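Each chain is listed here by its residues.
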Amino acid sequence: MNEKQMKEEIIKLAKERDALILAHNYQRDEIQDIADITGDSLALSIAASETDKKVIVFCGVHFMAESAAVLAPDKTVLLPVEGAGCPMADMVTPEALQVMRDKYPGVPVVAYVNTSAATKALSDISCTSANAVKVVASLPDKEVILVPDRNLGSYIASQVDKECHLWPGYCPVHDQLLPEQIMQCKAEHPDAICLAHPECSPQVLEEVDEILSTGGMLEFVRNSSHKKFIIATERGILCQLRKENPDKEFFFPDYEFICKDMKLITLEALLICLQNMAPQITVPDEVSVAARRSLERMLAVPRD
Ligand code: 13P
Ligand code: SF4
């Protein structure tokens, strides 16, 4: 089967199965091309919670499919490659988080959406990179525990008047970008606006113009009258940036900005997944109920 035939077969099967195909902004171009909705973690969580389709096929990584299963407990949630994970999400376990909770009794835990459902179940509220500052600012407490991303955590801490206890996790894809690589790219494109994801290190974030989620970057570029942008996040975002802004130019720092887990989802894997209705992602009831409370509390925070 060639690419065109595979795409046609996926669309046909998705219709037969009453399936909604969600794709994260870091997915391969060909996956983004056929998805019903492409977006950031927040947009996709909202889409999962609102769909009336019977099946959700999540083209992304494991924690995203788990969040969809938690938010839409009556749906069948499929992740085309079960092993597509997020190394940062694996850097905190419920057991280790409990030790931190015991160290700071009564201090609320804010879990970045890049965590397992079991970790979210132990948190008070979730956040994504799109709403992290608003979520933390909405809490009445003077102290918070932020897990698992130390970079997002230190960015939040710089934006709110609260004592923030950070977890030492990080995204291996974003954390290794060096400020020198951003400076070099800025020197090559002095008239470009520089956008970075908050998972980049504080040293990188100091060098950029805007700190945004992937959805925030797309919105910023869409609404900007500027023509050139330096993008400090995973290269998959280029697909939507180019589609939405054919008249604008995008530059990446000289750095291998690829999330290997996101790229595990291929057209072939998606087709086989729809044929077999597997792998299915499920979350045990007791975990799901507690994780849903954390995610729904996040979704209730006013967006704008
Ligand atoms: P966004 O929610 O900004 O799309 O980020 C998800 C992610 O995994 C970033 O590495
Ligand atoms: Fe996880 Fe980083 Fe990949 Fe996002 S880019 S899914 S944080 S490893």
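Data block above holds the structure.
From a predicted model like this one, the values you see are computed outputs, not experimental measurements.

Quick word on the site of ligand 1
Phase 1 of the analysis: With respect to spatial proximity, the complete set of residues near ligand 1 consists of His24, Tyr26, Asp40, Ser41, Asn114, Ser129, His174, His197, Glu199, Ser213 and Thr214.
Phase 2 of the analysis: Asn114 places a side-chain nitrogen or oxygen 3.2 Å from an oxygen atom of ligand 1.
Phase 3 of the analysis: Thr214 is positioned such that a nitrogen or oxygen atom in its side chain is 2.6 Å from an oxygen atom of ligand 1.
Phase 4 of the analysis: When the free accessible area of ligand 1 is taken as 300 Å², the share hidden by the protein chains comes to 96%.
Phase 5 of the analysis: Put simply, ligand 1 lies in the second largest pocket.
Phase 6 of the analysis: Grouping the amino acids of the shell around ligand 1 by side-chain chemistry returns 1 nonpolar, 8 polar and 2 charged.

Details of helix α8 (residues 150-159)
Phase 1 of the analysis: When we look at burial in α8, the residues that qualify are Asn151, Leu152, Gly153, Tyr155 and Ile156.
Phase 2 of the analysis: N-capping of α8 is provided by Asp149, with a side-chain oxygen placed 3.0 Å from the backbone N of Asn151.

Re the sheet that holds strand β3 (residues 55-59)
Phase 1 of the analysis: Strand order in this open sheet of 4 strands is β2-β1-β3-β4, and the pairing throughout is parallel. At either end of the open sheet lies a strand with only one pairing partner, and these are β2 (37-39) and β4 (76-78). Going from strand to strand, the sheet's axes swing by 20° on average, the running direction of each strand aside.
Phase 2 of the analysis: Strand direction decides the pairing type here: β3 and β4, joined by 3 bridges, are parallel.

Re the nonpolar core
Phase 1 of the analysis: Counting 89 residues, the largest nonpolar core has Val57 and Leu274 as its most contacted members.
Phase 2 of the analysis: Ignoring sequence-local partners within four residues, the contact set of Leu274 consists of Ile10, Leu13, Ala14, Arg17, Ala19, Ile21 and Val57.
Phase 3 of the analysis: Listed in part, the 13 residues of the second largest apolar core include Ile193, Leu218, Phe250 and Phe252.

The rules behind the values
- Residues numbered from 1 in each chain as written.
- Chains lettered and ligands numbered in written order.
- Predicted model: local features only at pLDDT ≥ 70, side-chain atom pairs only at ≥ 80, totals over all residues.
- Heavy atoms only, no water.
- Near = heavy atom within 4 Å.
- Polar contact = N/O pair within 3.5 Å; in protein donor to acceptor, adjacent residues only side chain to side chain.
- Areas by Shrake-Rupley, 256 points an atom, 1.4 Å probe, with all protein chains shown as cover.
- 1 Å grid on protein atoms, 1.4 Å probe; cavity = no way out; pocket = protein on both sides within 12 Å on 5 of 7 lines; lining within 4 Å.
- Sits in = over half its atoms within 2 Å of the grid points.
- Nonpolar A, V, L, I, M, F, W, Y, C, P; charged D, E, K, R; others polar.
- Buried < 20%, exposed > 50% of the residue type's maximum accessible area, 1.4 Å probe, protein only.
- Helix = DSSP H or I, 4+ residues; strand = E, 2+ residues; numbered from the N terminus.
- Pairing = 2+ DSSP bridges.
- Axes fitted to C-alpha atoms, helices over the stretch in contact; angles between N-to-C directions.
- Core = buried A, V, L, I, M, F, W, Y, C linked by side-chain atoms within 4.5 Å.
- Contact = heavy atoms within 4.5 Å.

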